Amino acid sequence: MSALAGSSLDSLNQWVARVAALTQPDAVHWCDGSDAENEALTAAMQADGTLIKLNEQTHPGSWLHRSDPEDVARVEHLTFVCTSDRDDAGPNNHWMAPADGHAKMDALFQGCMRGRTMYVIPYCMGPIDSPLSRCGVEITDSRYVVANMRIMTRMGAPALARIEREGNFVKGLHSTGELDPDRRFIMHFPEELEIKSYGSGYGGNALLGKKCHALRIASHQARSEGWLAEHMLILGLENPQGETHYIAAAFPSACGKTNLAMLIPPEGYLKDGWKVTTVGDDICWMRPGSDGRLYAINPEAGFFGVAPGTSKKSNPNALASIQSNTIFTNVGLTADNQPWWEGLDEGEPVTDWRGEPYDAAKRPAAHPNSRFTVSARQCPSYSQESENPVGVPISAIVFGGRRPSLVPLVFEARDWTHGVLIGAAMGSETTAAATGAVGVMRRDPMAMKPFCGYNFADYFSHWLDFDNGRNQLPKVFHVNWFRRGEQGDFLWPGFGENLRVLEWMIGRVNGTAGAVETPIGNLPTASDLNLEGVELSTEAMEKLFGFERAGWQQEFASIGEYLEEYGPRMPQALKGEQQRIAAQLQE
Ligand code: GTP
Ligand code: SPV
Ligand code: MN
């Protein structure tokens, strides 16, 4: 495909020309998203070792990519939001003045594509014909990025046509550069709808449609346009009466979104006719419809999922999805070239993710943040509603994190303001999805700590504003699949069994399920949930369904301190809610 002429594409053509002049590639290729293009790119990557062919009998059309060992996760300490006013980025972001950010990045990009081809990738986040969707163009010198963007977004000619019609799009410039961690930055310019990413070829650092566009830039845009861009899965839950409720859930990175989105109900539920369908597993854009309900789309077209822990037992739908046409990044290999990771439950690794002979004493076979990239359509639970330009109406919003202590299995917010506080107060243990220590507790409001493109105080205000008397807002819940016992074991079986909790939520939405009021919200008793066939110890029952007043007093003091860190910009309604609950906890 060549650059199209036409007035609305002038800005695109001019930008591409400017970038080419700066980066000096040998060639410029406009991606059309065709099969022929993908085959040519894949062949070139096989030839230069970027992709390793997997066993064609067991995994047709699938590939292994090994990234640089120093480039295996998002880099939050090198991620910046560049707004004219520092306070607009907020204490939740690293900030640089836009002019300084551009200067820093342009110096890195200077001549960086010499000897390489520059790829221009037009893409659409969301169904091509949806008013909720937004377009972008990523320029990159990485063929691996092109191949992943082709799976993760609606990439190529139809997106370019929409950009031509609409005129505006997000500009993303990416180069793998030297892969030097000291020359690596992920820079966002939300006021200019622009992203510049240098020095990493990995996931959220490099596939700019994902976290950079669909969360950091989009959240900023959503605030001014009256919608929400969230780090949430979207699932459809169909009950035996054939009624479907859609649920959106925000869990931090590597805390269970993909798994919940693809849930297969336990035996008894299956027999009764319960069914879960998958609309999205990572990102959700939603906006009130004319009836006041929130309608959500998944801006993505594929899954960039965590490989370790994925098995027939834990997530059969994910495993079925990745039997063909999948790119695996940083997994191990079996003797007959099948992909392998910890928790797979079958096969034996012989080669680890760095390409060395597997030695359990040295390192795991798969990197803990190894991933699969696959089209959403390959998932057995894929929902046709993923293509609905209107989106799906959301009945419940769920927040959750990895909380080894204190936080019970599930509780319900009393109202929207309380729900926003529950989201704002979220905490979770860090995971391998970002570089840095793993297992450290931190506040991760609405699972957006690494992804909110503006000041959290303004973000919470924006959330509160949806309660305007006209909207029919979803019920809000908090879950914790990760509560541990004295022995350090998980007390709740999780995975498919999480359906029991979803059933209770829908019961609350329909007014049929019971709960007990406590200062932190409405908790089910063990008998409000269907626990038939689940073995829970006495300790598990107490910790999953109990309310620990003394611990919550401390937790609320800490939440109060956290809200204060944002100063006067933090909405009074949220601080008032925190104070009201803190006072009740003292009674
Ligand atoms: P990102 O793609 O990084 O945003 O992650 P995610 O939120 O989609 O997390 P994912 O579903 O991939 O799960 C991450 C890890 O948590 C995997 O190792 C899972 O096996 C594990 N996990 C998911 N659900 C559960 C659960 O219900 N219980 C327990 N104990 N572990 C779970
Ligand atoms: C996450 O870290 O939340 C992910 C993976 O979904 S990445 O694309 O690297 O952001
Ligand atoms: Mn994610």
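Owing to the predicted nature of the structure, the values given are computational and were not obtained by experimental measurement.

1. Focus: the pairing of strand β9 (residues 170-175)
Remark: a regular strand shows side chains that alternate across the two faces of the sheet.
Okay, so step 1: Burial analysis of β9 places six of its six residues in the buried class, the great majority of the element.
Okay, so step 2: Residue alternation in β9 divides its side chains into two sets, V170, G172 and H174 and K171, L173 and S175, and both sets are buried.
Okay, so step 3: Two strands pair when backbone bridges link them, and strand β7 (residues 134-140) and β9 are joined in this way by five bridges, in the parallel orientation. Of the residues in β9, the one forming a bridge with T140 is H174.
Okay, so step 4: Both β9 and strand β11 (residues 194-198) contribute to a ladder of five bridges, which runs parallel. Within β11, the position partnered with S175 by the bridge is Y198.

2. Concerning the coordination of the manganese ion (ligand 3)
Okay, so step 1: Distances from the manganese ion (ligand 3) to its protein donors, namely K211 (NZ), H231 (NE2) and D282 (OD), fall within the range 2.1 to 2.5 Å.
Okay, so step 2: Coordination geometry of the manganese ion (ligand 3): the six donor atoms subtend angles of 66 to 175 degrees at the metal centre, consistent with an arrangement described as irregular.
Okay, so step 3: Sequence spacing among the residues donating to the manganese ion (ligand 3) works out to K-x19-H-x50-D. Pair noted here: K211 is in helix α8 (residues 209-225) and H231 is in the loop between β12 (228-230) and β13 (233-238), with a separation of 20 residues, a long-range link. By the burial criterion, K211 is buried, and H231 matches it.

3. Remarks on the confidence of the model for the protein chain
Okay, so step 1: In this model, the protein chain carries a mean pLDDT of 97, and residues with pLDDT of at least 70 account for 98%.
Okay, so step 2: Note that residues 1-7 has pLDDT below 50 and, in this model, 14 contacts with residues that lie over four places away or in other chains.
Okay, so step 3: What the predictor reports for the complex is a pTM of 0.98 with an ipTM of 0.99.

Here is what the cut-offs are and how they apply
- Residues numbered from 1 in each chain as written.
- Chains lettered and ligands numbered in written order.
- Predicted model: local features only at pLDDT ≥ 70, side-chain atom pairs only at ≥ 80, totals over all residues.
- Heavy atoms only, no water.
- Buried < 20%, exposed > 50% of the residue type's maximum accessible area, 1.4 Å probe, protein only.
- Helix = DSSP H or I, 4+ residues; strand = E, 2+ residues; numbered from the N terminus.
- Pairing = 2+ DSSP bridges.
- Donors = N, O, S within 2.8 Å, 3.2 Å for Na, K, Ca; no water.
- Tetrahedral: all angles 85-135°; square planar, octahedral: opposite > 155°, others 65-115°.
- pLDDT = per-residue confidence, 0-100.
- Contact = heavy atoms within 4.5 Å.

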